[in-house]
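# Coordinate inspection notes
Spelled out from the first residue to the last, the chains are:
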Amino acid sequence: MLEVLTLFLFNIVIYSIPLLYATCGEIMVEKSGSLNLGVEGTMAVGAIFGFLAGCKADSLPVAVLVSFITAALVGAIFCIFTITLQANQNVTGLTITTIGVAVYFFVGNGLGANWPVYRECTRLVSGFADIEIPGLSAIPVIGKAFFSHNILVYFAVIVAVLIWLYFEKTSIGLRLRAIGENPGAADSLGVDLVKYKYLHIMAGSGIMGIGGLYMGLNMGGTFEGSNCWINGYGWIAIALVIFANWSTTHAIVGTFVFGFFNTLRVYNMPIATTFPNTFGWLSKVPAQVFSALPFAVTLLVLIVNSVRSRKTNKSNAPTAIGVNYYREDR
Amino acid sequence: MAASEYAIELKGISKSFGPVVANKNINLNLKKGEILALLGENGSGKTTLMNMLSGIYTPDSGSIFIDGKKVVISSPDDAGKLGIGMVHQHFKLVERFTAADNIWIGKKGSGFLLKKDRNKEIEEIASKFGFEIDPTKIVANMSVSEKQTLEIIKVLCYGAKVIILDEPTAVLTVQETKKLFDVCRKMKESGHSIIIITHKLNEVMEISDRVAVLRKGEYIDTVESATTTKMKLTELMVGRKMNLNIERSVIEKTEPLLEVRDLCVESDEGALAVDNMNFYIRGGEILGVAGIAGSGQKELCEAIAGLRKIKSGKIIHKGRNLVGMNAKKIAAQGIAMSFIPEDRLGMGLAPSLSVADNVILKDYTNDKGLFVDRKRARDEAKKIVDMLQIATPSVDTPVRRLSGGNVQKVLLGREIKSDPNVLITAYPVRGLDIHSSYMIYDILNEQKTKGVGVLFIGEDIDVMMALCDKIMVMCHGKLQGVVHASKVKKEELGLMMTGALDLTNVKVDKPAGIASDSAFTAEEWEEAADMSEGAES
Amino acid sequence: MRLKIIRRKETKLVNKILLYVIGIAISFVVGGIFLTSLDINPFAYYRDMLTIGLIGNYYPGKSVEGLLKLFVPLLITSLALSLAFKMRFWNIGGEGEFITGALFAAIVAFKLGDTLPGFVVIVLMCLAAFVSAGMIGLVTAHLKVKFNTNETLVTLMINYIMLYVIKYFGETKADWNFFLRTDSERPVFAKFPENAIMDGIKFGNFKLLYTVPAAIVIAVIVYFYLKRTKQGYEISVVGDSVNTAKYAGMNVYRITLRTIFLSAAFIGLAGAFTAAASGTISTDITNNVGWTGVIVAWLSRLSVPVIGVVSLLISVLQYGCQAASASYSQIDHNFADLMQGLFMFSILAAGFFSNFKIVRTGDKKDA
């Protein structure tokens, strides 16, 4: 019985981690005042190139680095168009998703039979293997569920906390938030807006790319012509940013909730059979309902938030989000 | 080489925005430790010029010298390094941050980590310059004057030697202005050089050592404040001797057209923006509304025009209660409202649509069938363009492409076209040059002679005292009194605007704002009140 | 030396066109580099793509039919989206609205297809799709106007919810599930009854489905609706300035609801057209038209005639890539998305350079 619970919790973590990367990345982008709808495409690019490079070098660090860099380059494209060329952010983001996913299929199909076999990249596989944290992993139930994961899981949580510290406790973070709130004010104080936005959007995109890589590795690195690894997670991340109220530490909790739904989709049967009296009904819920739940819940949060914030403005949404800044506009 | 006498010298500066030339070949200098007033009408290029000093814009041509050395200022960062700080008219503050954090954003050498004791550090720096602030106060909760103080502390903190103040008094009360000027004098004593942008002559005479005058983007002259006169300055500013008097025709007034009683209106935030107002307008008079920006003028206008829910009270127009009617129905009664917001375009005009399409905004529903009658629209637009001499390539040009004065003429023209009997106009000359302003005053006077009751919400007290028949003063949504424009003193108005003087209950037998020959008797008012309550429920 | 962006005073039409032509040419070159990297001769590929497999085809009519099947939904969706965009309302829920329309059309087809005459069934299918998808628009618009709920994200979520709804019907074997074939073990969407399948006019081998003229009529109607009617006028005023619209006494709530209802409803109609034309539905029935439509509407700057041209070109691109992928195994239809993205970027860039120019400013800065 406890094993089922442990396995269940374990899998929630597995499913929520790519979302955590993507959400943290998007929060970083949005804090600088830009809304990037290209998360899905950015993750796809980071995923495929990171994976291929990782297999080639047979090394996880290389995979992570390359996924970060390639996704950051996609972020740079977003920057060039929305910051330098003043293009509409929604359209640019959608185009990035279109083109990013297309590049994913282009590369995958192009390689065809040359697609590397993940199993044979032994060092990459072992790099991605679960690591038990001494001591903590011995705690019953929780130990196995939370402290016996691959290194990218721990890294994600560290990244989330570091980003939070970065925003709240450093001067650069303060300036970045100022840009997202009132770019005119930050600009007049000599903050180099263009540099700040470029760097943070690229960094945020890079983090999304690591999330994409994680998904690829988690699926055993097999390329399917019909389904992209990312499979809508990029869009969930955009939803999660709202759910987490633009805080990366809240995002840890938020992604866990979303991972919970996803895990229910796959593990509803074991839960139902182990706890027939309390959770027996789970077996009757169709998988599609669990798939749709994250989106439905976000929809609900969106609506509830907006109805509530009409009275008390509690949202942490950056004030200037989605609006391009051109200094000489008048 | 001896240090230069001048803190800043501008030589041959030019700047244009698209087809609009904002600055043409400007030469200007600022002595060390002086207060220089930069005088010019709205649109004469003062702010543009200063924005080039502060690095917001870069000049198309010309050069800038600081302490006698040629420099290039291509970003606010450069300006900061050169010791130039600017307090913008629209404050550049992050509303959600605290006072201290707002200063911290631009602080050099603030280190990677945010210091825990930064609040104390900021407080200390502020007190060194003689200011007291609460570093943890959130900017959104500050008053306008507090925000301005914060802006000044900000530039001082960054070590600015030259401080530019862009129309600092526009949002201040008379008393707050005095305080600001004291601060300026103190900064001057401590060796700072100051440029104050303004178009108010009194202030120029009071505070400045020298006055530099711009006109239509060109540099005219710099004179010593002590040896000049207001008349002389006006001449420099406007370009020719100008009769500053506005013709105030006296005509037969009718009985009250629009009566407002016990009106309460809430702001967007839910605060009481109009608090128990009483007033009335007769046909053939201009009633001015004076008050500090944000005293409830906007909400009052919107309430009368039916754009804002009325919390309680009555608005009686020719004996009919307007409360509860929608905007369209109120407009059909002959009440026209034109409101020029700060960005000029936000309310009343659709900037991307053509002049013709904007002219039919209020009566397109009268066209027959499903379609908009564009021929009628063009004809009427042409009429308005001819009548008010609006400069536009054609009536199909988007309003956005017109200059400020012409935009305002389109708006006013449309309102007059509807032949109103009550015309509410808020800030109609906002941002206009003197010629255009006078043209607008003439239009308003013409309406008045036709027997229209005009409610004029203005910014410039001098203009209101000359143009209006009566002036009512609002402070924090409350009526402070209604006075005859020809009898009142400017100082009195200033005190009323700040709430220091209340003239509502001076005459025992006649409370302010209630007409003695009201369209209703006291009982009928009560009845009207009951009626409308019944209608609401 | 520093670079600086300056707004252009004016750009000649010739120069503008030139910029766009250069942009598109660059897209083709970049696409060519991609192709060459797979050892595909770009010229041969582009020729195959742009001729949509007409050359050497025994039944050229079939190619045109296939092309039109892509063109009709894309045209209607892009037009519908432009209604919303004109009002600065970011309806990116094309996918979800399309699926909703198709689903409700399918319900009518399965339930009434056998009992009613063909013409009536088709009309009812369209009506069901129109209203059901329109409801999504109504709800989103209501939330936006009343609570300022972010419509981009709401419609985005609805896209995925609807995707899983159609997947649910498509993947669940059950007695009540009339969407599926009864004679198959695996869950497969059933074929519509004969009466519920869209017919057309025959020209020899080529059949022109009624949806094609219908789509063109819709385009003409939308054109006049936006340009000439009072409601179209109201859309442009609300889109330009909500405050001004309120000030003019317009009922912004009603106008927004009406417009977004229409926007979503027409996309639903496109879904019904697609379902009726193919005689069945599938989980990927949208063919990403909700996303592509956003790009088409934006590329066309919301001008109806341009939307017509651009959606035809994008359809050629998509169908051409499908057709060409038959002869190139290394590449699939997703290459069309790649090209589409490249076009979008080059058009965005061209748009920028026709409004701004980049100049060098200043001398060397004093140290």
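Just so we're clear, the structure is a prediction, and the values are computed from it rather than from any experiment.

## Some remarks on the overall build of chain A
- The helix and strand inventory of chain A stands at 14 helices and 2 strands.
- Dimensions of chain A along its principal axes, counting C-alpha atoms only, are 65 × 55 × 40 Å.
- The burial tally for chain A puts 61% of its 330 residues in the buried class.
- Looking at chain A alone, contacts between residues at least 24 apart form 78% of all its contacts between residues at least 6 apart.
- Counting only carbon and sulfur atoms, one obtains 67% of the accessible surface of chain A, whose full area is about 12400 Å².
- Mean positive and mean negative side-chain charge positions of chain A (18 and 15 charges, respectively) differ by 7 Å.

## Quick look at the overall build of chain B
- When helices and strands are tallied, chain B shows 17 helices and 20 strands.
- Its C-alpha radius of gyration of 25 Å places chain B within 12% of the 24 Å reference for a compact globule of 537 residues.
- Dimensions of chain B, computed from C-alpha atoms along their principal axes, come out at roughly 80 × 50 × 50 Å.
- Buried residues in chain B amount to 57% of all 537 residues.
- Within chain B, counting contacts between residues at least 6 apart in sequence, those at least 24 apart form 66% of the total.

## Structural notes on a negative patch on the surface
All names here are of chain B.
- A surface patch of like charges, here negative, comprises Asp117, Glu123, Glu124, Glu132 and Asp134.
- Turning to its location among the elements, Asp117 is positioned in the loop between helix H3 (99–104) and helix H4 (118–128).
- Residue Asp117 is classed as partly exposed on the basis of its relative accessible area, which comes to 45%.

## Quick look at the packing of helix H1 (residues 2–31) of chain A against helix H11 (residues 233–243) of chain A
Residues and elements named next belong to chain A.
- Where H1 meets H11, the axes come as close as 8 Å, and the angle between the chain directions of the two elements is 60 degrees. Here H1 lies oblique to H11, going by the angle between them. As H1 packs across H11, the resulting crossing turns out to be right-handed. Facing Tyr15, Pro18, Leu19, Ala22, Thr23, Glu26, Ile27 and Glu30 of H1, the residues of H11 in contact are Tyr233, Ile236, Ala237, Ile238, Leu240 and Val241.

## Comments concerning the domain arrangement of chain B
- Domain boundaries assigned for chain B yield domain 1 (6–238) and domain 2 (256–336 + 419–528).
- Spacing between the C-alpha centres of domain 1 of chain B and domain 2 of chain B amounts to 35 Å.

## Things to note about the packing of aromatic side chains
- All chains considered together, the criterion is met by 47 aromatic pairs over all chains.
- Ring geometry for Tyr166 of chain A versus Phe167 of chain A: centroids 6.1 Å apart, planes at 45 degrees, classification tilted. Like Phe167 of chain A, Tyr166 of chain A is buried.
- Joined through ring pairs, the aromatic side chains of Phe106 of chain A together with Phe28, Phe34, Tyr45, Tyr46, Tyr328, Phe335 and Phe343 of chain C make up one cluster.
- Lying over the aromatic face of Phe65 of chain B, Lys11 of chain B brings its terminal NZ or CZ to 4.4 Å of the ring centre.

## With respect to the interface of chain C and chain A
- Of the residues lining the interface, 49 residues belong to chain C; the matching set on chain A comes to 44 residues.
- Sorting the residues of chain C by area buried against chain A places Met157, Tyr164 and Phe345 of chain C first, and these three jointly supply 17% of that buried surface.
- For the pair chain C and chain A, the interface holds 0 salt bridges.
- Taken together, the links from chain C to chain A amount to 5 residue pairs in polar contact (both at pLDDT 80 or more).
- Looking at the side of chain C that touches chain A, the elements with two or more residues in it are strand E1 (2–7), helix H1 (13–37), helix H5 (118–147), helix H6 (151–171), helix H11 (289–299) and helix H13 (335–355) of chain C.
- Here the side of chain C that touches chain A is built from residues that sort into 33 nonpolar, 9 polar and 7 charged.

## Brief notes about the pattern of salt bridges
Residues and elements named next belong to chain B.
- Here the structure, examined in full by the defined rule, presents 39 salt bridges over all chains.
- Where Glu218 meets Lys24, a salt bridge forms, and the shortest distance between an N and an O atom there is 3.7 Å. Highlighted residues: Glu218 in strand E10 (residues 218–224) and Lys24 in strand E2 (residues 20–31), separated in sequence by 194 residues.
- Residue classification places Lys24 among the partly exposed residues on the basis of a relative accessible area of 44%.
- Several salt bridges converge on common partners, so that one network encompasses Asp363, Asp367, Arg376, Glu380 and Lys417.

## Some points on the interface of chain B and chain A
- Taken together, the contact between chain B and chain A spans 31 residues of the former and 27 residues of the latter.
- In total, about 2300 Å² of surface goes out of reach between chain B and chain A, with carbon and sulfur atoms giving 57% of it.
- Ionic pairing is found between Arg96 of chain B and Glu181 of chain A, a salt bridge with its closest N-O pair at 3.0 Å.
- At the boundary of chain B with chain A, the tally comes to 3 residue pairs in polar contact (both at pLDDT 80 or more).

## Details of the sheet that holds strand E15 (residues 320–321) of chain B
Residues and elements named next belong to chain B.
- An order of E12-E11-E14-E15 is seen for the 4 strands of this open sheet, with the pairing classed as antiparallel. With one partner strand each, in any of the chains shown, strand E12 (272–282) and E15 form the two edges of the open sheet.
- Where strand E11 (residues 256–266) meets strand E14 (residues 310–317), 6 bridges bridge the pair, whose relative direction is antiparallel. In the strand pairing of E14, Val260 is matched with Ile315.

## Let's talk about H11 of chain C
All names here are of chain C.
- Buried residues dominate H11, accounting for 10 of its 11 residues.
- Every buried residue of H11 is listed here: Val289, Gly290, Trp291, Thr292, Gly293, Val294, Ile295, Val296, Ala297 and Leu299.
- A positive backbone phi angle near 50 degrees is found at Arg301, which sits one or two residues after H11.

What counts, and where the lines are drawn
Residues numbered from 1 in each chain as written. Chains lettered and ligands numbered in written order. Predicted model: local features only at pLDDT ≥ 70, side-chain atom pairs only at ≥ 80, totals over all residues. Heavy atoms only, no water. Helix = DSSP H or I, 4+ residues; strand = E, 2+ residues; numbered from the N terminus. Buried < 20%, exposed > 50% of the residue type's maximum accessible area, 1.4 Å probe, protein only. Contact = heavy atoms within 4.5 Å. Areas by Shrake-Rupley, 256 points an atom, 1.4 Å probe, with all protein chains shown as cover. Lys, Arg positive; Asp, Glu negative; His and termini not counted. Charge placed at Lys NZ, Arg CZ, Asp CG, Glu CD. Rg over C-alpha atoms; globule rule 2.2 N^0.38 Å. Patch = residues over 30% accessible without salt bridge, like charges linked within 9 Å, V, L, I, M, F, W, Y side chains within 5 Å. Salt bridge = Lys/Arg side-chain N within 4 Å of Asp/Glu carboxyl O. Axes fitted to C-alpha atoms, helices over the stretch in contact; angles between N-to-C directions. Parallel < 35°, antiparallel > 145°, perpendicular 65-115°, else oblique. Left-handed = near helix turned anticlockwise from the far one by under 90°. Domains from an automatic or database assignment. Phe/Tyr/Trp six-rings, centres within 6.5 Å; stacked < 30°, edge-to-face > 60°. Lys NZ or Arg CZ within 6 Å of the ring centre and 35° of its normal. Buried area = accessible area lost by both parts, 1.4 Å probe. Polar contact = N/O pair within 3.5 Å; in protein donor to acceptor, adjacent residues only side chain to side chain. Nonpolar A, V, L, I, M, F, W, Y, C, P; charged D, E, K, R; others polar. Pairing = 2+ DSSP bridges.

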